Amino acid sequence: MINIAILGFGVVGSGVAEVISKNSKELAARLDGEELNIKYILDKRTFPDHPLGSRVTDDIDKIINDEDVFLVIETMGGLHPAYDFSKKALLAGKSVITSNKEVVASCGAELLSIARSNNIGYLFEASVGGGIPIIRPMWQCLAANKIIRIAGILNGTCNYILTKMEKEKTDFETALKEAQELGYAERNPSADVEGMDTCRKISILTSLAFGKHVYPEKIQCEGITDITYDDILFARNRGYAIKLLGTSKMASDGKVYVLTAPFLVSEDNEIAGVNDVYNGISVEGNVVGDVLFCGRGAGSLPTASAVMADVLDVIRDCRKTIGWKNEEADFLGDISNNVTDFYIRTKADENKIKEVFGNVKVEKSGDNSVFFAGKTSQKEIEEKIAKLGFDTVKIRVLD
Ligand code: HSE
């Protein structure tokens with residue numbers, strides 16, 4: 001019997017317990033007949049009616065000091081105390097498996113280094129893309145490649161909201177409420193809709209791809225709160241879907257440009273067809289070309305599926321070297337120099353727009369003017385928008 005502990009019994013933690021019970025035979029078969037036993041669940045709450053209610057404790061030291069606990073699954077969310085408990089467990093020689101993108105994005109290099117020194121695992125497949133295998137495929141299966149570009153729908157909640165707004169003409173608030181009820185959204189959903197969750201995930205993928213820790217604070221971050229149904233309709237009528245993306249691109253100057261923002265994605269791009277809670281991540285390697293990873297990006301069981309893959313991996317082979325270095329990511333470029341086409345929605349009239357932007361094709365959308373600005377750097381577009389002097393929204397077009 002292999003004893004494990006789950007820290008945090010929310011959406012993901014309870015999903016992990018459900019998978020262990022539901023697939024117990026399959027899991028045991030993959031562990032040469034050994035069974036998994038959830039010896040402890042750490043939570044401040046009590047669960048008197050749950051079959052595992054008697055295993056619940058609020059004392060982390062009881063878990064850390066129990067030599068029979070082989071590994072710890074951290075599904076608490078938030079930076080503290082999840083980071084502190086993970087570090088404690090690793091220092092005590094217990095492997096840690098996490099779904100917590102905030103901890104990995106902010107403290108991954110340190111925790112990975114402790115794990116490496118102790119010859120144990122700190123694994124985080126569930127931290128990006130929910131149930132989609134993405135961390136291990138990038139680390140192992142694409143290891144022969146120089147990564148050129150990553151562009152991904154990395155937040156299930158935002159994709160669910162944008163899909164609902166378009167297909168069912170649901171308003172933003174109703175779609176967000178549904179995403180919360182389905183267990184997709186963060187406890188504080190502003191992390192989803194304002195882009196921080198995507199930012200943390202693209203920081204993890206970029207660190208993994210380029211080998212140095214890219215901190216989320218270094219990444220420009222825009223969310224979807226300014227997007228209206230009219231923007232979605234305008235884009236669709238011209239062959240685009242609007243998606244919140246995390247992007248990371250190696251440019252010809254050798255720098256990597258990382259960004260979280262909504263984009264107009266051409267319908268020719270497979271990512272444009274990735275809807276609802278699904279995430280779609282396109283990774284381009286210099287020898288493999290484009291590879292697309294797609295699946296449920298949030299939710300209890302899909303995320304638990306990824307957590308359990310790491311659990312099996314740790315048990316079958318404890319020595320994991322996955323990760324990156326805690327060095328300054330000197331390969332990052334200044335995103336404000338990055339050039340893309342922009343869709344612009346503004347209250348300014350056609351004359352004023354042409355005065356600032358030249359001969360662009362301006363259309364009306366309600367009481368707004370909308371147009372494509374053409375290939376422009378972010379610095380330049382911001383200067384021009386300031387010259388317009390009206391309420392203006394800009395959305396990039398994905399190359
Ligand atoms: N709130 C996150 C999302 C959960 O919607 O994608 C999965 O990381």
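Residues numbered from 1 in each chain as written. Predicted model: local features only at pLDDT ≥ 70, side-chain atom pairs only at ≥ 80, totals over all residues. Heavy atoms only, no water.

Participant: Would you mind going over the layout of surface pockets with me for this structure?
Facilitator: Once rolled over the atoms, a probe with the size of a water molecule shows which space is left empty. The volume enclosed by the largest pocket comes to roughly 1,100 Å³. Thr 75, Met 76, Gly 77, Gly 78 and Arg 187 are the residues nearest the centre of the largest pocket, which is lined by 45 residues in total. Taken together, the residues that form the lining of the largest pocket break down as 13 nonpolar, 20 polar and 12 charged. Considering the residues around the second largest pocket, the lining is formed by 16 residues, among which Ala 17, Ile 20, Ser 21, Leu 36 and Ile 38 are closest to the centre. Mapped onto the lining of the second largest pocket, the elements with two or more residues apiece are α1 (11–22), α2 (24–30) and β2 (36–42). In terms of residue count, α1 provides more of the lining of the second largest pocket than any other element does, five residues in total. Broken down by class, the residue content of the lining of the second largest pocket amounts to seven nonpolar, five polar and four charged. (1 Å grid on protein atoms, 1.4 Å probe; cavity = no way out; pocket = protein on both sides within 12 Å on 5 of 7 lines; lining within 4 Å. Points joined across faces, edges and corners; volume = space filled by probe spheres on them. Nonpolar A, V, L, I, M, F, W, Y, C, P; charged D, E, K, R; others polar. Helix = DSSP H or I, 4+ residues; strand = E, 2+ residues; numbered from the N terminus.)

Participant: Can you walk me through the domain arrangement of the chain in this structure?
Facilitator: Each assigned domain of the chain is listed here: domain 1 (2–132 + 301–328), domain 2 (135–288) and domain 3 (335–397). Distance between the C-alpha centres of domain 2 and domain 3: 23 Å. Contact residues are listed per partner, giving 19 residues for domain 2 and 14 residues for domain 3. Carbon and sulfur atoms supply 59% of the area buried between domain 2 and domain 3, which totals about 1,600 Å² over both sides. For domain 2, the biggest contributors to the area lost against domain 3 are Phe 234, Tyr 257 and Leu 264; these three give 34% of the whole. Inspection of the domain 2/domain 3 interface yields three salt bridges. When contributions to the side of domain 2 that touches domain 3 are tallied by element, the ones reaching two or more residues are α11 (229–237), β9 (240–250) and β10 (256–266). Residue contributions to the side of domain 2 that touches domain 3 peak at seven residues, all from β10. (Domains from an automatic or database assignment. Contact = heavy atoms within 4.5 Å. Buried area = accessible area lost by both parts, 1.4 Å probe. Salt bridge = Lys/Arg side-chain N within 4 Å of Asp/Glu carboxyl O.)

Participant: Whenever I open this one, the packing of aromatic side chains confuses me. Can you help?
Facilitator: Aromatic rings considered in pairs are described by the distance between their centres and by the relative angle of their planes. In total, this model carries 10 aromatic pairs according to the counting rule given. Considering the side-chain rings of Tyr 122 and Phe 124, the 6.4 Å spacing of their centres and the 40° angle between planes classify their relative orientation as tilted. The class for Phe 124 is buried, based on a relative accessible area of 1%. Grouped by ring-pair contacts, the aromatic residues Phe 234, Tyr 240, Tyr 343 and Phe 372 constitute a single cluster. (Phe/Tyr/Trp six-rings, centres within 6.5 Å; stacked < 30°, edge-to-face > 60°. Buried < 20%, exposed > 50% of the residue type's maximum accessible area, 1.4 Å probe, protein only.)

Participant: Sorry, what's going on with the pattern of salt bridges here?
Facilitator: Side chains carrying opposite charge are able to pair once their charged atoms draw close together. Counted by the stated rule, this structure contains 31 salt bridges. For Glu 125, the salt bridge identified is with Arg 136, shortest N-O distance 3.5 Å. Of this pair, Glu 125 sits in the loop between β6 (122–123) and α6 (135–141) while Arg 136 sits in helix α6, placing them 11 residues apart in sequence. Here Glu 125 matches Arg 136 in class, with each residue buried. Taken together, the shared-partner salt bridges in this structure form one network comprising Lys 101, Glu 186, Asp 197 and Lys 201.

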